[in-house]
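# Survey of secondary and tertiary structure
For reference, the chains in residue letters:
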Amino acid sequence: MDLEEDWTLVEVPDMDELLGPVFQRFETLPARHIFPPHVHRWNQFVYATAGTLVVMVEKSRYVITPEQAIWVPTGVRHTTGALHGAEFRNLYVADAPDLGMPGTCSVLAVSPLLRALIVELAEIGGRSESAGYIARVHGLILDQLRRLPVQDFQLPWPTSPMLRKLCEALYANPADPRGAEDWGAALGASTRTLARRFEKELGLGLREWRHRLRLFRAVEWLGAGRGVTDIALELGYSSPSAFTYMFRQEMGCSPTEYRGLRARPFTANEVIS
């Protein structure tokens with residue numbers, strides 16, 4: 001598993017054992033900071049509460065938004081980094097015969113109830129709660145984890161330095177209009193070579209990947225509270241209506257409707273009222 005170039009390594013938290021069936025750890029990663037490859041003796045649920053994360057598992061790389069999480073089973077070698085800074089909460093989950101979770105790394109859609117339970121789990125530590133109540137919260141979290149749908153809505157990330165340079169540039173500026181020929185010239189590769197490498201590493205072409213990237217960034221920015229017009233222009237659409245049409249085709253609702261259906265991001269100190 002190759003690390004990203006020019007990123008800063010962050011020390012993996014030292015934990016010898018879990019204190020219960022579910023344990024939560026809050027992390028903040030500055031831009032271009034990354035954990036080195038490592039494994040855990042328990043399962044991990046990686047959930048970004050703000051910003052986006054790049055999660056690398058063996059030769060697969062995923063970009064996840066605050067609407068998603070990555071399930072990493074026990075013993076799977078992985079690492080997590082932040083492209084432009086992110087806050088996330090890890091749920092460490094002990095193995096159990098009846099756990100009922102995927103045996104492979106999976107992208108999951110986060111439900112509003114699980115989101116609320118994660119906040120409640122964080123607040124329990126600052127209150128005097130009975131062991132029975134804590135056990136019930138743990139049980140509800142495990143029940144919700146089993147019900148999360150696996151998502152095909154993923155943004156694959158390249159492994160080679162050449163394509164990482166291209167994808168990071170487009171991530172930072174999704175309105176960049178350059179096509180495969182221009183990018184090939186900029187990166188010192190023919191259009192044919194670039195297209196072949198893109199298909200091999202990411203499983204889709206540059207045009208399709210760029211389209212998916214714009215949708216990912218739209219979801220990220222809507223969750224951060226940005227306006228539809230602002231998002232449309234920054235993504236490179238000629239008008240908000242053109243952006244809204246694309247978003248409705250892909251997500252089944254308008255950007256405004258989508259934002260209304262999603263809960264706002266929460267902070268480390270937020271309390272459920």
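All values derive from a computational prediction rather than experimental measurement.

So, how was this worked out
- Think of each chain on its own: its residues are numbered from 1, step by step along the sequence as written.
- Given that the model is predicted, a residue must reach a pLDDT of at least 70 before its local features are reported, and side-chain atom pairs must reach 80 or more before they are shown or counted; all residues, however, enter totals for whole chains, interfaces and linings.
- Note: side-chain values were computed over all heavy atoms of the structure, leaving out hydrogens and water.
- Only protein chains enter the area calculation, which uses a 1.4 Å probe; residues under 20% of their type maximum are buried, those over 50% are exposed, and those in between are partly exposed.
- Under the DSSP-based scheme used, a helix requires at least four consecutive residues in state H or I and a strand at least two consecutive residues in state E, with every element numbered from the N terminus.
- Note on pairing: two strands pair once DSSP finds at least 2 bridges between them.
- Classification of ring pairs rests on two measures: the distance between centres of Phe, Tyr or Trp rings, Trp counted by its six-membered ring, which must be within 6.5 Å, and the angle between planes, read as stacked under 30 degrees, edge-to-face over 60 and tilted in between.
- By the criterion adopted, a ring carries a charge over it if an Arg CZ or a Lys NZ lies within 6 Å of its centre and within 35 degrees of its normal.
- Here a polar contact means two N or O atoms within 3.5 Å. Within protein one must be a hydrogen donor candidate and the other an acceptor candidate, and residues neighboring in sequence count only if both atoms are side-chain atoms.
- Note on definitions: a residue-residue contact is assigned when non-hydrogen atoms from the two residues lie within 4.5 Å.
- In predicted models, pLDDT denotes the confidence assigned by the predictor to each residue on a 0 to 100 scale.

Side chains on a regular strand alternate between the two faces of the sheet. Within strand β5 (residues 60–64), four of the five residues are buried, which leaves the element mostly enclosed by the surrounding structure. By the bridge criterion, five bridges tie strand β4 (residues 43–57) to β5 in an arrangement that is antiparallel. Within β5, the residue paired with Met-56 across the bridge is Arg-61. In terms of strand pairing, β5 meets strand β9 (residues 155–156) through two bridges, oriented antiparallel. In the sheet register, Val-63 faces β9, and the bridge partner there is Leu-155.

Moving on, we come to the packing of aromatic side chains. Inspection of every chain in the model, using the stated rule, returns ten aromatic pairs. A ring pair is formed by Trp-157 and Trp-209, whose centres lie 6.0 Å apart and whose planes are at 50 degrees; its orientation type is tilted. Taken together, the residues Trp-157 in the loop between β9 and α3 (161–172) and Trp-209 in helix α6 (residues 206–223) connect sequence positions 52 residues apart. Just as Trp-157 is buried, Trp-209 falls in that class too. Ring centres of Phe-198 and Trp-209 lie 6.0 Å apart, and the angle between their planes is 75 degrees; on these two criteria the pair is classed as edge-to-face. In this pair, Phe-198 is assigned in helix α5 (residues 191–202) and Trp-209 in helix α6, connecting sequence segments eleven residues apart. Trp-209 shares its class with Phe-198; the two are buried. Taken together, the ring pairs connect Trp-157, Tyr-171, Phe-198 and Trp-209 into an aromatic cluster. Over the face of the ring belonging to Tyr-237 we find Arg-214, whose NZ or CZ atom lies 5.9 Å from the ring centre.

Time to look at the pairing of strand β7 (residues 78–93). For β7, the tally of buried residues reaches 13 of 16 residues, placing the bulk of the element in the interior. Two elements, strand β2 (residues 22–29) and β7, share eight bridges in a ladder whose sense is antiparallel. Paired with Val-22 across the bridge in β7 is Val-93. Pairing of strand β3 (residues 33–34) with β7 involves two bridges; the strand directions are antiparallel. Along β7, the bridge assignment pairs His-33 with Ala-82. As judged from the 13 bridges shared by β4 and β7, these two strands associate in the antiparallel manner. When the bridges of β7 are listed, Ala-48 appears paired with Phe-88.

What follows deals with unusual backbone geometry. Even without glycine at this site, Arg-32 takes up a positive phi of about 60 degrees. Counting through the fold element by element, Arg-32 comes out in the loop between β2 and β3. A residue is classified by how much of its surface remains accessible, and Arg-32, at 26% relative accessible area, is partly exposed.

Our focus in this paragraph is the side chain of Asn-43. For Asn-43, the location among the structural elements is in strand β4. At a separation of 2.9 Å, a polar atom in the side chain of Asn-43 contacts the side chain of Asp-95. Leave out the neighbours within four places in its chain, and Asn-43 touches Trp-71, Val-72, Pro-73, Thr-74, Leu-91, Tyr-92, Val-93, Ala-94, Asp-95 and Leu-99.

Our focus in this paragraph is the confidence of the model for the chain. Per-chain confidence: the chain averages 86 in pLDDT, with 93% of residues scoring 70 or above. Least confident of the elements in the chain is β5, whose mean pLDDT is 78; most confident is helix α7 (residues 228–235), at 96. The low-confidence segment residues 263–273 (pLDDT under 50) makes 24 contacts with residues lying over four places distant or belonging to another chain.

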